[in-house]
Amino acid sequence: MSSAAEQEAVEAVSNAVEAVRGGQAAAAVPQIDGRPIERPEERPKERTNGQVRGQVARVHTHPGAPVWPGSSHPLGARFHHGPDGTAGTNFALWAQGAEAVEVCLFDEAGAETRCALTEHTHEIWHGFVPGVRPGQRYGFRVHGRWDPWTGARYNPAKLLLDPYARAVDGDFTLPPEVYGHVRDWPQQYIADTVRDDRDSAPFVPKGVVVHDDDDWADDVRPKTPWADSVIYELHVRGFTMRHPGIPEELRGTYAGLAHPAAIEHLTSLGVTAVELLPVHQFAHEDHLLRRGLRNYWGYNSIGYFAPHAGYSASGTTGQQVGEFKRMVRALHAAGIEVILDVVYNHTAEAGELGPTLSLRGIDNRGYYRIQSDQRRYADYTGCGNTLHAGRPHVLRLITDSLRYWVTEMGVDGFRFDLAAALARSMHDVDMLSPFLAVIAQDPVLRRVKLIAEPWDVGSGGYQVGAFPPLWTEWNDRYRDAVRDFWRGALPDVRDLGYRLSGSSDLYAWGGRRPYASVNFVTAHDGFTLRDLVSYERKHNEANGEENRDGTNDNRSWNGGAEGESDDPRIGVLRRRQLRNLLTTLLLSTGVPMLVAGDEFGRTQDGNNNAYCQDNETGWVDWSLLEDPHWQSLFALASRLIGLRHTHPVLRRRAFFSGRSQGADGLRDLAWFTPAGAEMTERDWYAPAAALGMYLSGRDIPGRDERGRQVTDDSFLALLHTGDRPVPWLLPGAPWAEEYEVVLDTSLEAQSAPPGTRHRGGRTLTVPARSVLLLKVVS
């Protein structure tokens, strides 16, 4: 269609909408491409669940006392006793441009009672409704202008979820009625401008009034220092769905993760924190539902205060809140912290053609970043919209949510999805942005663990190493360097040296420490560790997107055959590569992150984007632990984590200096070639398949809790990715007179230290594609 024709079409829709808004029939029926525009009242009426689509649902005025003025603070629905002792609930909603707001109460049969919130204080609509108690289901209807051309998308026919709802009851199924515009309008390029007046209430979840009365007096937070942390990324549902030790009725739930069988695995592995994939209430995307799939990972949030109801075994009318708290308590009792993966950069309402579920209908222009063409959204997330975290009320929503999860739900930290999108000011990423400034001074949030995914999809969005002190970051440069080294694709070992020793090139500024780097080889997004050594190409056909989704930059190596192989030689090679990758990760300075199941060979059959695979592809397969090969891999991971906990030289709190620490010339960190010589500048730039790293435990910066100097054993790690054994001359004095082999990844079983000793100044043969860890014994 030409631009002139499109403009004419937009004007025609505008005129039609204005006629409907004013209650006047248009003088003539407007047309687009010769087809009449259908006014809302002319749409066919269909019956569903006893109601007529296109008609307003039966409603009632409130039968009891009138709505009292209530308070504008706190936002959301809070049960308490009024000034004369009357029990009820205060409702408060920020809706800057609204003309009227109603809180809508629903009984068990779905009948709706509407109560107008007539009080308006500082752009917050509020009122106290006597008699409303915990368990009450509710939503909001917000009245205002329908003018998509200026970004106004108010539509009181759409029931809206309270952004501060503490619990959500029901599923988002996304039928046409939940869209503020006519979703299936024939001309999709203007569909978002045609208002849909059908009532969405029968088809959307409701918020639930929850009474918070838990003071956490019986809970003891582990408060694990950053340098001592080992993070384990897991999915609440996927981790527990197939676990044989968890009762079937608890699988896939918070209660399942709290079960002793689940916690026993975590403690035997030795991790100090679980990082949970999103547990905020989320919705499934329309394109997935149409293909019979669901959003499995949960990066599609719609309720920032509500634990996702689908993970509750005890109920969804508030019970999910208590169940989540009990899970946190159980993990804390086992010494395990709880970190939430949070998605404050966008919501499930997507772009202008997405559903109207909450913020879009409350104040579209107030919550989202809007383009100069105000029908459209600024999309720095790749998900259709971006929350405008630079605005005070949006920033309040985010920080209120974060504080709630810390103070009332007991969590210990957060990993921020696409954190660069939150750090944008007007357009560019700004490390002095309101979001980062507020976090830095907040007395609650500055004390918890803060992890940034330091990028978004917008211009200038890649910000690895740029976040300020207090923050740690997912270090994808670590991931890439380690993957490339073990597949033989690094041109030299300069980058590997930085990554093994804490990435000082990225983080040694502004008082940051080595634990600013969260080191990982795999994450939920991408290949599992086993698939990384089994596939060179993604195999995402099951996602229904013709294998177009997911990254093509996997930096993987399959060892000679694509996918699972019956060749025993390939199996041996792949398991050795798994041991190499795990060993490298857990010996590196920084904070290691494992992904659930990688420690015993979980596979997704080559799917590197299993975000919609809520099935055996995405779930952890615990039967693998019955295989001796995968048992030995788990034993190795557990033993490596135990080494980290035992040896402070492996979890340093300060960067290495590389300088001599005494008259003998011994340095805290030194690098060696197989010839036994220290690395020169020429060596760093030369192609190499091997690198030796010496870690001195003699003079570790910092003191223990009693002020004593920290000392430890010294270690020599030899990493060799070549396909042939290499003779290695071990450094002699002052580095060591004698070494003892602690670990050798060429061996399948690692249940006990090999214990073999080697003299310094003598040659040791390092097997092909292996890591040897040697401890200085004299």
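Residues numbered from 1 in each chain as written. Predicted model: local features only at pLDDT ≥ 70, side-chain atom pairs only at ≥ 80, totals over all residues. Heavy atoms only, no water.

## Topic: the overall build of the protein
Step number 1: On a plain count of helices and strands, the protein comes out with 17 helices and 36 strands.
Step number 2: Relative to its length of 778 residues, the protein is compact, with a C-alpha radius of gyration of 29 Å against a globular reference of 28 Å.
Step number 3: Principal-axis analysis of the C-alpha atoms places the extent of the protein at approximately 95 × 65 × 50 Å.
Step number 4: Relative to its full complement of 778 residues, the protein shows a buried share of 60%.
Step number 5: A total of about 29300 Å² of accessible surface is found on the protein, and carbon and sulfur atoms cover 49% of it.
Step number 6: Averaged over its 82 positive side-chain charges, the protein has a centre that lies 3 Å from the centre of its 101 negative ones. (Helix = DSSP H or I, 4+ residues; strand = E, 2+ residues; numbered from the N terminus. Rg over C-alpha atoms; globule rule 2.2 N^0.38 Å. Buried < 20%, exposed > 50% of the residue type's maximum accessible area, 1.4 Å probe, protein only. Areas by Shrake-Rupley, 256 points an atom, 1.4 Å probe, with all protein chains shown as cover. Lys, Arg positive; Asp, Glu negative; His and termini not counted. Charge placed at Lys NZ, Arg CZ, Asp CG, Glu CD.)

## Looking at the pairing of strand β36 (residues 770-776)
Step number 1: By the criterion of burial, β36 is predominantly enclosed, with 6 of the 7 residues buried.
Step number 2: Relative to β36, strand β31 (residues 715-720) runs antiparallel, the two sharing 6 bridges. Counterpart to Phe-715 in the pairing with β36 is Lys-775.
Step number 3: Both strand β33 (residues 738-744) and β36 contribute to a ladder of 5 bridges, which runs antiparallel. Looking at β36, one finds that Tyr-739 is bridged to Val-776. (Pairing = 2+ DSSP bridges.)

## Here we look at unusual backbone geometry
One can expect most non-glycine residues to show negative phi and most peptide bonds to be in trans.
Step number 1: Of note, the bond from His-73 into Pro-74 is cis; its omega dihedral lies within 30 degrees of zero at -5 degrees.
Step number 2: Here Ala-733 and Pro-734 are connected by a cis peptide whose omega angle stands at 10 degrees.
Step number 3: Counting through the fold element by element, Pro-734 comes out in the loop between β32 (726-729) and β33.
Step number 4: Phi at Glu-123 is positive, roughly 70 degrees, even though this residue is not glycine.
Step number 5: The backbone phi angle of Trp-216 is positive, close to 60 degrees, even though this residue is not glycine.

## Some points on the sheet that holds strand β6 (residues 76-81)
Step number 1: On the basis of which strands lie adjacent, the open sheet formed by 4 strands has the order β6-β7-β11-β10 and antiparallel pairing. Since the sheet does not close on itself, it has two edges, and those belong to β6 and β10 (119-121), each with one partner. Adjacent strand axes in the sheet meet at a mean angle of 25 degrees when their direction is disregarded.
Step number 2: Bridge count for β10 against strand β11 (residues 124-130) is 3 bridges, and the pairing is antiparallel. (Axes fitted to C-alpha atoms, helices over the stretch in contact; angles between N-to-C directions.)

## Some points on the packing of helix α4 (residues 260-269) against helix α16 (residues 628-646)
Step number 1: Contact geometry of α4 with α16 gives a least axis separation of 8 Å together with a crossing angle of 60 degrees. With respect to α16, the element α4 is oriented oblique. Counting all contacts with α4, which are made through His-265, Ser-268 and Leu-269, the residues of α16 involved are Phe-634, Ala-637, Ser-638 and Ile-641.
Step number 2: Split by residue class, the contact of α4 with α16 holds 4 nonpolar, 3 polar and no charged. (Parallel < 35°, antiparallel > 145°, perpendicular 65-115°, else oblique. Contact = heavy atoms within 4.5 Å. Nonpolar A, V, L, I, M, F, W, Y, C, P; charged D, E, K, R; others polar.)

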